[in-house]
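One letter stands for each residue in the lines below.
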Amino acid sequence: MLAAGHGAVEVSVGLGWYTRRQNYGKRQIEGAVRVDLAGQPAGTVTAAQAAHAAKALVRRAAKAGEPAPEPPKAPTLQDSLSALREAARGRREGKSTGLPDPAYDQLGSVS
């Protein structure tokens, strides 16, 4: 990001904002693959990192007066299969998958 012309303070603030988000903390599961800024695999989450993220989630919830969140759980193969089945069911029923539809040109082919 620095090489792309962003200043050090700007990068620091942006990464801090991103890593303090609840969704980021919930995905810090031991053994999960980390992804670098270019979208490439960059190691895995360690037990210490997962524990730190879980504690941060509890602290933030307490500060906001909310109940402590459930500890993150690694998705199982069954969870993944269920999600795929649900997505397929939604496509068959014409429900939105949340993904953008392909853009079609005037001839009706995907552009």
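Being a predicted model, the structure only gives us computed values, none of them experimental.

(A) Local environment of the overall build of the chain. Of the regular secondary structure elements, the chain holds 4 helices and 2 strands. Each helix and strand of the chain, placed in order from N terminus to C terminus, yields the pattern α-α-β-β-α-α. Carbon together with sulfur atoms contributes 58% to the accessible area of the chain, which is approximately 9000 Å² in total.

(B) A look at the packing of aromatic side chains. Across all of its chains, the model carries 1 aromatic pair by this definition. For the ring pair tyrosine 18 and tyrosine 24, a centre distance of 5.4 Å and an interplane angle of 65 degrees mean the geometry is edge-to-face. The class of tyrosine 18 is partly exposed, set by a relative accessible area of 47%.

(C) Molecular detail of the pattern of salt bridges. One pass over the structure, following the stated rule, counts 1 salt bridge. Here arginine 89 makes a salt bridge to glutamate 86, at a shortest N to O gap of 2.5 Å. Note that arginine 89 and glutamate 86 are positioned in helix 4 (residues 77–92) at a spacing of 3 residues, about one turn of the helix.

Here is what the cut-offs are and how they apply
- Residues numbered from 1 in each chain as written.
- Predicted model: local features only at pLDDT ≥ 70, side-chain atom pairs only at ≥ 80, totals over all residues.
- Heavy atoms only, no water.
- Helix = DSSP H or I, 4+ residues; strand = E, 2+ residues; numbered from the N terminus.
- Areas by Shrake-Rupley, 256 points an atom, 1.4 Å probe, with all protein chains shown as cover.
- Phe/Tyr/Trp six-rings, centres within 6.5 Å; stacked < 30°, edge-to-face > 60°.
- Buried < 20%, exposed > 50% of the residue type's maximum accessible area, 1.4 Å probe, protein only.
- Salt bridge = Lys/Arg side-chain N within 4 Å of Asp/Glu carboxyl O.

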